[in-house]
Amino acid sequence: MSDRTTRPGGANGSGAELIGQIAASIRRERERSGLSMAELARRAGIAKSTLSQLESGAGNPSVETLWALGVALNVPFSRLVDPPRPTVKVLRAGEGPVTHSEQANYAATVLSSCPPNARRDIYRIEAQPGDTRASEPHMPGTVEHVLIGSGRALVGPTETPVELGPGDYISYPGDAPHVFRALAPDTLAVIVMEHI
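Colleague: Explain helix α4 (residues 63-73) here, please?
Modeller: Residues of α4 that are buried include every one of Thr-65, Leu-66, Ala-68, Leu-69, Gly-70, Ala-72 and Leu-73, and no others. Note on α4: the residue one or two positions beyond its end, Asn-74, has a positive phi of about 60°.

As structure tokens, then:
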């Protein structure tokens, strides 16, 4: 495996940003795994000095090095190159990347891309104002995605729910206590439960 070293200031803005994300991801996953730098380098088959450079953002890792680190850390390759997602994500109506059709008056907004090997359940919710629907934690790794179709609702983690209206979207950990409370008559929503 070979690595190229990037001199400070030698990469363009987006390249430097990516290298910074990779450095933070490697360090985060190594610490999460409880591995020392020496142990991770040994497991990945790379020099400790190379790993030190990568974690400091001074190295420019090859694909092969990142694959080896992913295997040694027992994480997907993508987790090392993709920045971590927030645990709670809110998109208001009109937000998000939109793609328009050339053939019809049709627009698709990406709310959440599906990770590999995920399973999803989709629910249509009809709710009226009144009692809060409190949910106990689901199985570990569950994430819930909620899109409000009509009405208003208070949705999300029990401690920090968010008020949402038509077209608003939220995602949050479903493996922690969470709530759904209609704030307007005939509130309709779609809930996608993602089990990883």
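Colleague: Explanation requested: the packing of helix α2 (residues 37-44) against α4 in the structure shown.
Modeller: To characterise two packed helices, one gives the angle between the axes of the helices and the distance between these axes. Closest axis-to-axis distance for the α2/α4 pair is 8 Å, and the angle between their directions is 115°. In terms of axis orientation, α2 runs roughly perpendicular to α4. Pair α2 / α4 crosses with right-handed handedness. Residues Leu-40, Arg-43 and Ala-44 of α2 touch α4, and the partners they reach there are Ala-68, Leu-69, Ala-72 and Leu-73.

Colleague: Explanation requested: the pairing of strand β13 (residues 187-195) in the structure shown.
Modeller: Put simply, side chains in a regular strand alternate between the two faces of the sheet. Within β13, seven of the nine residues are buried, which leaves the element mostly enclosed by the surrounding structure. Examined bridge by bridge, strand β6 (residues 119-127) and β13 share nine bridges and lie antiparallel to one another. Looking across to β13, one finds that Ala-127 is bridged to Thr-187.

Colleague: Hey, could you run me through the pattern of salt bridges in this one?
Modeller: Proximity of charged atoms lets side chains of opposite charge pair with each other. What the rule picks out here adds up to nine salt bridges. Members of the salt-bridge network, linked through shared partners, are Arg-28, Glu-29 and Arg-32.

Here is what the cut-offs are and how they apply
- Residues numbered from 1 in each chain as written.
- Predicted model: local features only at pLDDT ≥ 70, side-chain atom pairs only at ≥ 80, totals over all residues.
- Heavy atoms only, no water.
- Buried < 20%, exposed > 50% of the residue type's maximum accessible area, 1.4 Å probe, protein only.
- Helix = DSSP H or I, 4+ residues; strand = E, 2+ residues; numbered from the N terminus.
- Axes fitted to C-alpha atoms, helices over the stretch in contact; angles between N-to-C directions.
- Parallel < 35°, antiparallel > 145°, perpendicular 65-115°, else oblique.
- Left-handed = near helix turned anticlockwise from the far one by under 90°.
- Contact = heavy atoms within 4.5 Å.
- Pairing = 2+ DSSP bridges.
- Salt bridge = Lys/Arg side-chain N within 4 Å of Asp/Glu carboxyl O.

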